Amino acid sequence: MPDKPYISIVIPVYNEEPNLHPLFDRIYPVMQQMGRPFEIIFTDDGSRDRSIEILKELAATHPEVKVIEFNGNFGQHMAILAAFEISAGDIVITLDADLQNPPEEIPKLVAEIEKGHDVVGSVRQKRQDTFFRKFASRIVNITTNKMTGMRMSDYGCMLRAYHRDIVNNINHCQETTTFIPALAQTFASNPGEVPVAHAERAEGESKYSLYKLVRLNFDLMTGFSVVPLQLFALLGIFTSVASVLFALFLLVRRFLVGAEVEGVFTLFAILFFFIGIVIFGIGLVGEYVGRIYQEVRKRPRYVVRRVHGQENKKQN
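Residues numbered from 1 in each chain as written. Predicted model: local features only at pLDDT ≥ 70, side-chain atom pairs only at ≥ 80, totals over all residues. Heavy atoms only, no water.

Asks: Explain helix α2 (residues 51–61) to me, using residue names and the numbers behind them.
Replies: Of all the positions in α2, only Ser51, Ile52, Ile54, Leu55, Leu58 and Ala59 are classed as buried. When α2 is viewed along its axis, its buried side chains cluster within an angular range of 160° and face the same direction. Opposite the packed face of α2, turned more than 90 degrees from it, sit the exposed residues Ala60 and Thr61. Contacts made by the buried residues of α2 are with β1 (7–13), α1 (17–34), β2 (38–44), β3 (65–70) and β8 (304–308). (Buried < 20%, exposed > 50% of the residue type's maximum accessible area, 1.4 Å probe, protein only. Helix = DSSP H or I, 4+ residues; strand = E, 2+ residues; numbered from the N terminus. Arc of directions from axis to C-beta. Contact = heavy atoms within 4.5 Å.)

Asks: Go over the packing of aromatic side chains, please, and point to the residues and values.
Replies: Scanning the entire structure with this criterion turns up 5 aromatic pairs. Plain terms: the ring middles of Tyr28 and Phe38 are 5.8 Å apart, the flat faces sit at 70° to each other, and that makes the pair edge-to-face. Residue Tyr28 is located in helix α1, and its partner Phe38 is located in strand β2; the two are separated by 10 residues in the primary sequence. Taking the centre distance of 5.3 Å and the plane angle of 15° together, the rings of Phe70 and Tyr302 count as stacked. Of this pair, Phe70 sits in strand β3 while Tyr302 sits in the loop between α10 (264–297) and β8, placing them 232 residues apart in sequence. Judged by relative accessible area, Phe70 falls into the buried class, the value being 2%. Clustering of aromatic rings is evident, with ring pairs tying together Phe24, Tyr28 and Phe38. In this structure, Arg36 packs its charged tip against the face of Tyr6, placed 4.5 Å from the ring centre. (Phe/Tyr/Trp six-rings, centres within 6.5 Å; stacked < 30°, edge-to-face > 60°. Lys NZ or Arg CZ within 6 Å of the ring centre and 35° of its normal.)

Asks: Quick one: what's the story with the sheet that holds strand β7 (residues 191–196), residue by residue and with numbers?
Replies: Taken in spatial order, the 8 strands of this open sheet run β7-β5-β6-β4-β1-β2-β3-β8, and their pairing is mixed. Every other strand in the sheet has two partners, leaving β7 and β8 as the edge strands with one partner each. The sheet shows a mean angle of 20° between the axes of neighbouring strands, taken without regard to direction. Pairing of β2 with β3 involves 5 bridges; the strand directions are parallel. By the bridge assignment for β3, Thr43 is matched with Ile68. Together, β1, β4 (91–94), β5 (119–124), β6 (160–163) and β7 form the strand contacts of helix α4 (residues 106–114), whose direction differs from that of β4 by roughly 145°. (Pairing = 2+ DSSP bridges. Axes fitted to C-alpha atoms, helices over the stretch in contact; angles between N-to-C directions.)

Structure representation (structure tokens):
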């Protein structure tokens, strides 16, 4: 019977069939070379390819492997949270299955946790992404830091390490929509960051479309700060004051210049601008109301069909 794991590796999987064997062939020797008891927890997030069959084979042939099989697609962060629930390691590492973050970087993060950090993020060096994706990521990092007051250099990199105390605190939360790196940051007393390598995606395609990226960033900003609402309130005050001043200007101008037809289209443009602000504000308030609606329904965050490989483990 294997010892209680010291390190838990958590990997969400969604349609990663061509990457799973190369990933395991790299991560397993890395963990063996570290000389510490470990476990590798995969969460299959409703894959439609052969990912779950490959993961079952790995769980059947390697006692260190557990596989959580979801009953559908619940998202990357729910997949990680499910793995957190059954993880037993003192140090928990999250890693994507696409091999863009090399598993060989894991010892670097473990060393930082052992130095006393409770959360260790990673900053991708020489990113192998498109210019648009890198530019958008930079804007999101700056904006989110300003709005939430947090200080993370790379929100998009999921190669991160967490101390067991942080994972336990995350497990106590029951939010239906969340962003795990930011949530962990709210519990951290001594966070750190390390630079890590970054590679091109070898096989498959990114599971984050433009819509999903925008959706994720809305969740990030509205889930950890009310600054967007406060900014919109300030904008409303400024707009109201500016509207009054403009109305006074038009009144004075009418007495000085007289009635005129010119400027009608300018007024329409200003009107449309104000309408756009109002619609944006309604949408922003709707984001917060929608989050409240999701929380009060109290529906399960995810549904686990089965956990494979758990029978090979010592129950702690």
